[in-house]
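Results of the structural survey
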Amino acid sequence: MAPPSSIFARVVRRLEAEGRWKAWLSGVVGLLLALLAFKAFHGLWQEIDYNDVLTAMRAVSPLHMLLALLATLVSYVALTGYDQSAMRYVGARVPYRVVAQTSFVAYAVANTIGLGVFTGGAIRMRMYGEAGVRPGQITRAIAFNALAFGLGIAVVGAAGLLRDAPVLADMTHLPAWGLRAIGVAVLAATVALLFACRDNRQRRIFGRFVARLPPASLAMRQLVLSVVDISASAAVLWWMLPDGSIGFASFLGFYAAAVLLGVISHLPGGLGVFEAVMLVSLKGHVPAETLAGALVLYRIIYYLVPLMLALGLLVGHEVNSKRASSVTSRAISGLAPLLLSAYTLVVGVVLLVSGATPAAREAAPLLSTYVPLPLVEAAHFLSSITGLALLFVARAMLLRLDAARWAGMLLAVIGLLLALPKGGAVWEVVLTVSLFLALLVSRGQFVRRASLLEVPFSGGWLLAMGAICAALVVLVLFAYQDVDYAQQLWWQFEIDADAPRSLRAQVGVAILALALAVRHLLRTSDLRGALPTAAEIHQAATIVGEQAHADARLALTGDKYLLFAESRRAFVMYGRHGRSWIGLFDPVGPQSERAELVWQFIAAARNAGCRASFYQVRPDGLSLYLDAGLRLYKLGEYAHVRLADFSLQGKRSSNLRQSMNRAEREGLRFEIVPPEGVPGVLEELRAVSNDWLARHRTAEKRFSVGAFIDDYILCQPVALVRRDDRVVAFATLLTTGLRDEASVDLMRHQHDIPNGTMDFLFAQLILHFREAGYARFGLGMAPLSGMADNPLAPYWHRVGRILFANGENFYNFRGLRAFKEKFDPVWEARYLAAPGGLVPIRTLLDIAALISGGYRGVLLK
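Since the model is a prediction, treat every value here as computed from it, not as a measurement.

**Some points on the packing of helix α13 (residues 336-356) against helix α17 (residues 426-441)**
For the pair α13 and α17, the least separation of the axes is 10 Å and the interaxial angle reads 155°. Taken together, the axes of α13 and α17 are roughly antiparallel relative to one another. The crossing of α13 and α17 is left-handed. Contact with α13, carried on its side by L340, Y343, T344, V347, V350, L351 and S354, involves E428, L431, T432, S434, L435, A438 and L439 of α17 and no other residues of that element. Partitioning the contact of α13 with α17 into residue classes produces nine nonpolar, four polar and one charged.

**Points about the pattern of salt bridges**
Under the criterion given, the structure shown has 23 salt bridges. Its salt-bridge partner being R569, residue E593 comes within 3.0 Å of it at the nearest N-O pair. Taken as a pair, E593 in helix α21 (residues 591-607) and R569 in the loop between β3 (561-564) and β4 (571-577) lie far apart in primary sequence, 24 residues in all. Ionic pairing is found between R723 and E666, a salt bridge with its closest N-O pair at 2.8 Å. Taken as a pair, R723 in strand β9 (residues 718-723) and E666 in the loop between α23 (654-665) and β8 (668-673) lie far apart in primary sequence, 57 residues in all. Since its relative accessible area comes to 24%, R723 is described here as partly exposed.

**Thoughts on a nonpolar patch on the surface**
A surface patch of nonpolar side chains, about 660 Å² in accessible area, is lined by L63, L66, L69, L70, L73, V77 and Y96. Top element by residues in the nonpolar patch is helix α3 (residues 62-90). It accounts for six residues.

**Quick look at the environment of S434**
Within the secondary structure layout, S434 lies in helix α17. Judged by relative accessible area, S434 falls into the buried class, the value being 18%. For S434 and A412, which are 22 residues apart along the polypeptide, the C-alpha to C-alpha distance reads 8.8 Å. Aside from chain neighbours lying at most four places away, what touches S434 is M308, L311 and Y343. There is a polar contact of 2.6 Å between the side chain of S434 and the side chain of Y343. For S434, the side chain forms a polar contact with the main-chain oxygen of V430, separated by 2.9 Å.

**Some remarks on the pairing of strand β13 (residues 826-834)**
With seven of its nine residues buried, β13 lies for the most part within the structure. Sheet topology places strand β6 (residues 611-617) next to β13; three bridges connect them, and they run antiparallel. Bridged to F614 within β13 is A833. Direction of pairing for strand β7 (residues 631-642) relative to β13: antiparallel, over a ladder of nine bridges. The residue of β13 that forms the bridge with Y638 is E828.

**Overview of the confidence of the model for the chain**
The share of residues in the chain with pLDDT of 70 or more is 74%, and the mean pLDDT across the chain is 77. Across residues 1-27, where pLDDT falls below 50, the model places 24 contacts with residues more than four positions away in sequence or in other chains.

**Structural notes on the pairing of β7**
Of all twelve residues that make up β7, ten are buried, and the element is covered over most of its length. Across seven bridges, β7 lies against strand β12 (residues 776-783) in antiparallel orientation. Paired with R642 across the strands is R776, a residue of β12.

**Some words on helix α16 (residues 402-419)**
Its 18 residues give α16 an end-to-end C-alpha distance of 26 Å, which sits within 8% of 26 Å, the value for a rise of 1.5 Å per residue. When we look at burial in α16, the residues that qualify are D402, A404, R405, A407, G408, M409, L411, A412, G415, L418 and A419.

**Some thoughts on the packing of aromatic side chains**
As enumerated under the stated definition, the model contains 26 aromatic pairs in all. Here R124 stacks its cationic end above the ring of Y107, 4.7 Å away from the centre of that ring. Above the ring of W827, the side-chain terminus of R817 is found at 4.0 Å from the ring centroid.

**Remarks on helix α29 (residues 839-852)**
Between the first and last C-alpha of α29 there are 20 Å, a value that for 14 residues agrees with the 20 Å anticipated at 1.5 Å per step. In terms of burial, α29 is largely enclosed, as ten of its 14 residues are buried. Those residues of α29 that sit buried are V839, P840, I841, T843, D846, I847, A849, L850, I851 and S852. At the C-terminal side of α29, G853 shows a positive phi close to 80°.

**Things to note about the sheet that holds β9**
A sheet is described by the order of its strands in space; here eleven strands give the open sequence β3-β4-β5-β6-β13-β7-β12-β11-β10-β9-β8, paired in mixed fashion. Only two strands of the sheet have a single partner each, and these edge strands are β3 and β8. Adjacent strand axes in the sheet meet at a mean angle of 30° when their direction is disregarded. Here β9 pairs with strand β10 (residues 726-735) via six bridges, running antiparallel. Paired with V721 across the strands is A729, a residue of β10. Those strands touched by helix α24 (residues 682-695) are β9, β10 and β11 (741-749), and its axis lies near 70° from that of β11. Contacting β4, β5 (580-584), β6, β7 and β13, α29 runs over the sheet at an angle of about 70° to β5.

**Thoughts on the packing of α16 against α17**
At a closest axis distance of 9 Å, the pairing of α16 and α17 adopts a crossing angle of 155°. Regarding the angle of α16 to α17, the classification is roughly antiparallel. Between α16 and α17 the crossing geometry is left-handed. Residues R405, G408, M409, A412, V413, G415, L416 and A419 of α16 form the contact with α17, whose participating residues are E428, V429, T432, V433, L435, F436, L439 and L440. Of the residues that constitute the contact of α16 with α17, the class distribution is eleven nonpolar, three polar and two charged.

**Some words on unusual backbone geometry**
A positive phi angle, near 65°, is found at F585, a position not held by glycine. In this fold, F585 is placed in the loop between β5 and α21. Taking relative accessible area as the criterion, F585 reaches 4% and is therefore assigned buried. One non-glycine residue, D824, lies in the positive phi region at around 50°.

Conventions we followed
- Residues numbered from 1 in each chain as written.
- Predicted model: local features only at pLDDT ≥ 70, side-chain atom pairs only at ≥ 80, totals over all residues.
- Heavy atoms only, no water.
- Axes fitted to C-alpha atoms, helices over the stretch in contact; angles between N-to-C directions.
- Helix = DSSP H or I, 4+ residues; strand = E, 2+ residues; numbered from the N terminus.
- Parallel < 35°, antiparallel > 145°, perpendicular 65-115°, else oblique.
- Left-handed = near helix turned anticlockwise from the far one by under 90°.
- Contact = heavy atoms within 4.5 Å.
- Nonpolar A, V, L, I, M, F, W, Y, C, P; charged D, E, K, R; others polar.
- Salt bridge = Lys/Arg side-chain N within 4 Å of Asp/Glu carboxyl O.
- Buried < 20%, exposed > 50% of the residue type's maximum accessible area, 1.4 Å probe, protein only.
- Patch = residues over 30% accessible without salt bridge, like charges linked within 9 Å, V, L, I, M, F, W, Y side chains within 5 Å.
- Areas by Shrake-Rupley, 256 points an atom, 1.4 Å probe, with all protein chains shown as cover.
- Polar contact = N/O pair within 3.5 Å; in protein donor to acceptor, adjacent residues only side chain to side chain.
- Pairing = 2+ DSSP bridges.
- pLDDT = per-residue confidence, 0-100.
- Expected span 1.5 Å × (residues − 1).
- Phe/Tyr/Trp six-rings, centres within 6.5 Å; stacked < 30°, edge-to-face > 60°.
- Lys NZ or Arg CZ within 6 Å of the ring centre and 35° of its normal.

Below you can see the structure in the form of structure tokens.
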């Protein structure tokens, strides 16, 4: 039999290898597509004149703009159908009003800033979670949506291959018959999938995976919705083109291919890749400058307008928050930082783009007549700096900093005032005013008091800011490609000297961005910290006694660090190993203190150059971690007995009655020793504990379980099982002053106890606490229990189910759950809240090390 450590190590190595392989492949594909897009655009931009692009945008008729807006509405209505179908598939009952608002906000944000699984997924977790949908169901619904979109884009793309194979053959240098064969294969596979859904049964796929397919009616409905969504979103761009330039059916195939490549690139909205594919595909049908103008308008109508409407929805809920307390109102209000962060990012980019492009030609006479040249120069330069500042403030908004809200409002006002001397840019006025108003009414969502200078910026965020600055340089080169560069450009100050102004603004932006990045990289980390003092443990004990969860008493072991709230009314207990800071359970203390403590803990870990996570958090607090940018990974289920409903009578309790009767025949006696009586039996307990440890050839565990530490044992009651006046088993008890929950912690027994002794001990404890007036009795965790059994379940769940079903040779997963099932408990999920990627695997390894006293302890049991 392989030792547990070697089996676990092999599983971890496989997961890490597969995760790295997928991450590297995804990154390489995205980078390759981005480079190809740049190459394609670089070859085309010399054929495009910036002023011609503006002329083409102005040439679009109001009627076509209205039709494009209607097509956007149709697309987003179809997207709500995605979520409604997904809810039906996972068996969740959610009102359509909630589904529609959730879907609209999620797609509006995810389409604009990308990272759909993380942004749209976090929004769905928050809003559907408020509506009572379980996290596992939401995860499966997100996967269902992704597969449905993939199916729809594949069908539309296949139809495009069949229709336009000769044209695509010239572009791809592939034979037309081969492209038609691919289209036929995709359509045939779709028909086969719909046929397989005919009886809504589980089917084995590739001989390995068992999938519960949706009913045929639901699958067909979803396919129709996908085709409607893609066709409507394509119509938004098509209406921006001149009449008669290309037929819609042909255009739809090119559009589907561009969207698919944009999704694969992992860039926000496929930005750059989508445009390059469309420019190359339609080169022979539409003039390049006309198509470029249409693409800009498409981005505004299909991406920016819905984001502004989502922001308006947020403002409406915030204004009516005192009168509306519905699930949707609470959920949308809770999403304010994410929505406002996305919108602030967009406003910042718009200001930067404005600084990199020429002012409108019709504005030059007005500027020269009414605005002094120094003010024009200053406005252009400072507006770009304001845009960059908004990018960094957007990050702070995610952290719910009150200072970020005030800074955003101030920068919005500055951007508004600077828009007038720049030529009265209408879009800048609309965006900055709406940002200011949204921040003004969202005061209650930004409750953290911290300095903007202390905001941690991740490497990904800094890289994104660098990419934006690089894109601005490319935009400047494109907008002024007809301007000959010369040293005197830097010192040219004239009303119509747009190129020098843009160059100076971009240099200022680059210098400021570099300074902010260097300051972040050179920040010193505070790695100091000590285990709690006796006074701090005493203070923690007071807090523990005033809340409901018994397992919070593990803070009193003295082996965990304590991070107190500023009010000293709540705390996080946590362990540190390697670069992991791991909070144990949810923050302990009043509900009003917990959100700030989560942020405080994450910030402290980041300031120390470490990663923060929370271990064994409960379902009722999941929004705290989602709001903080963490992801959720199910660990298993926790069992507790509702004491008012417990009884030894009836058929279900027959085995427990037999254990009780057997215990009485064996002469076993149950006894509760209060804390003041524990010193008198401490040595007997130590003898039992030492015998148990020696027999199991293991050392004391810590962190998430109690250890035999004298001071810790002496501060809590102990349950004893005696036989002929000799202690043969004991359990230390966890309770709080509220008498809401009781639980066991340390359990040890002699090697020669009669069968059924532990059943006898637990049954007596449950009866004792029922008589004492407690509400529930905790039986502890069943690791990897309750993982989703669904082909759309995350990889994490699938691996967990495999380990639960086949891991008996190194951990008694099923046996532990079966023991707890004897007491007819209620099961409640427990989660790991951690950053994404490979961090959860590293975190679990560090948790194992904390529990076992290091990696050596993990290997040696």
